[in-house]
Amino acid sequence: MAEPQPYEKLLSLADLLAPSAIRAAATLRLADHLHAGATTSAALAERAGTRPDVTDALLRYLTELGILTTDEAPTTDAVTHYALTALGEPLLSDHPRSVREVLRGDSMIGHGTRALLHLDHTVRTGEPSHFAEPGGGYWETVNNDPAYAGEWAQQARAVDAHADLPLAWGAEQIVTAYDWSRARTVVDVGGHLGVILLALLRRHPHLRGTLVDLKNVAEQAAARFARSDAADRAEAVVGSFFEPLPAGADVYLLSAILADWDDKDAVRILENCREAAGPHGRILLADVAMPLHGAATELQYRSMMPAPARDAAELEALCATAGLRVTWRGPATGVRTLLELAAR
Ligand SMILES: C[S@@+](CC[C@H](N)C(=O)[O-])C[C@H]1O[C@@H](n2cnc3c(N)ncnc32)[C@H](O)[C@@H]1O
């Protein structure tokens, strides 16, 4: 066979049909339905609530890709029956190495992945690719759209089930390296499901904490706190760090927040913390620097966040612009920069 021409190679490299077909199969749970006995296109369409004719085309294409196989011998009903190949099995939800959650399009991960199609926007502007989509930023969409509320609840239960795992991305430093003895109250700004705040309150029983985050996640954090052993010391409130924050706490924790925002927005977030902290409060900045190994990883991160790897000097410059001075520097680690800050 003749070597493909460069234009053919390019078209093949850029082709979106195979990834889209595999992701459609994951979203529609086709592997699970097949495994449960719906082996024809009509049966699968009924289970998945899809159009039988297009489902049939999808199944035939997945067969061409080697993800499905069909009966070798014609069956008595003269209808094609499909089965998963070894390649298709990880699309099953209960496969030990299942990839369904990663590939489905109707999840938070799927929402994030789709934004890659707008990589040109990131290259042009430096903004995350989501900003090129209707509805704007990733966090607003997954936090304010009720469609994602169920997934957040699922994540909250998963976090409860793994409460004994160590904190990720060097966040243990927040709990152990900082001197919490002088603080009584902490506001965890953009505190997500409250994993760090709960760890903090458990380790330092004299502390009380308030988590601020957008709607879907803050509601789940509140439910987690209510069923936790720190229920009387932890609360979660719905709010935005671009709006005034609960005032007068001793420490405002900003963990893994600024990387998601460009310099202008990062300064606004820091200024809001400074306003809420007043002259006596402190801000504990605990930002992450993602490991950018190679161009592919860098592009992936840059499509999601404008500043994946700010170093300590860059963070200190932002803090100075926001009217903050550094009052303590945490131990240097590869992934975390810990800085305690106060109003100048
Ligand atoms: C990368 S996560 C960091 C979570 C947590 N602080 C940690 O260290 O694991 C960013 C968090 O910021 C929250 N967030 C995004 N935009 C926000 C906003 N405008 N106001 C408050 N929280 C926001 C997200 O919902 C998410 O929980």
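Residues numbered from 1 in each chain as written. Predicted model: local features only at pLDDT ≥ 70, side-chain atom pairs only at ≥ 80, totals over all residues. Heavy atoms only, no water.

Visitor: What should I look at first to understand the sheet that holds strand β4 (residues 208–213) in this one?
Guide: Backbone hydrogen bonds are what pair the strands of a sheet, in a parallel or an antiparallel way. Read across the open sheet, the 7 strands follow the order β5-β4-β3-β6-β7-β9-β8; overall the sheet is mixed. For this open sheet the edge positions go to β5 (234–238) and β8 (324–329), each flanked by a neighbour on one side alone. Each strand axis lies, on average, 25° off the axis of its neighbour in the sheet, ignoring direction. Most of the contacts of helix α12 (residues 195–203) go to β4, to which it runs at about 175°, and overall it touches β3 (185–189), β4, β5 and β6 (251–255). Sheet strands touched by helix α13 (residues 215–226): β4 and β5. Its angle to β5, the strand with the most contacts, is close to 160°. (Pairing = 2+ DSSP bridges. Helix = DSSP H or I, 4+ residues; strand = E, 2+ residues; numbered from the N terminus. Axes fitted to C-alpha atoms, helices over the stretch in contact; angles between N-to-C directions. Contact = heavy atoms within 4.5 Å.)

Visitor: Looking at this structure, I do not really get the domain arrangement of the chain. What am I missing?
Guide: Split into domains, the chain comes out as domain 1 (6–105) and domain 2 (156–290 + 307–343). One C-alpha centre belongs to domain 1, the other to domain 2; they are set 43 Å apart. (Domains from an automatic or database assignment.)

Visitor: Explanation requested: the site of the ligand in the structure shown.
Guide: Neighbouring residues of the ligand: 17 residues in total, closest Asn 143, Gly 190, Asp 213, Phe 241 and Ser 255. Ser 240 places a side-chain nitrogen or oxygen 3.1 Å from a nitrogen atom of the ligand. Its residues placed into classes, the shell around the ligand shows 9 nonpolar, 6 polar and 2 charged. (Near = heavy atom within 4 Å. Polar contact = N/O pair within 3.5 Å; in protein donor to acceptor, adjacent residues only side chain to side chain. Nonpolar A, V, L, I, M, F, W, Y, C, P; charged D, E, K, R; others polar.)

Visitor: Just to check I follow, could you spell out the environment of His 130 for this structure?
Guide: Considering the arrangement of structural elements, one finds His 130 in the loop between α8 (119–125) and α9 (138–144). When residues no more than four places from it in sequence are discounted, the contact partners of His 130 are His 111, Gly 112, Ala 115, Gly 136, Gly 137, Tyr 138, Ser 303 and Met 304.

Visitor: Mind showing me how you'd approach the pairing of strand β9 (residues 336–343) here?
Guide: It is a general feature of regular strands that their side chains alternate between the two faces of the sheet. Among the 8 residues in β9, 7 count as buried, and that is most of the element. With 6 bridges connecting them, strand β7 (residues 282–288) and β9 associate as antiparallel partners. Within β9, the residue paired with Val 288 across the bridge is Arg 336. Where β8 folds back on β9, the antiparallel hairpin that results is connected by 6 residues. (Buried < 20%, exposed > 50% of the residue type's maximum accessible area, 1.4 Å probe, protein only.)

Visitor: Teacher, can you tell me more about the nonpolar core here?
Guide: Counting residues in hydrophobic clusters, the biggest one holds 28 residues, and the most contacted among them are Tyr 252, Leu 254 and Leu 270. Only β3, β6, α14 (263–277), β7, α16 (312–321) and β9 provide two or more residues apiece to this core. With 7 residues, α14 is the largest single contributor of residues to this core. If you look at the next biggest cluster of nonpolar residues, it comprises 25 residues, including Val 175, Ala 183, Leu 197 and Ala 230. (Core = buried A, V, L, I, M, F, W, Y, C linked by side-chain atoms within 4.5 Å.)

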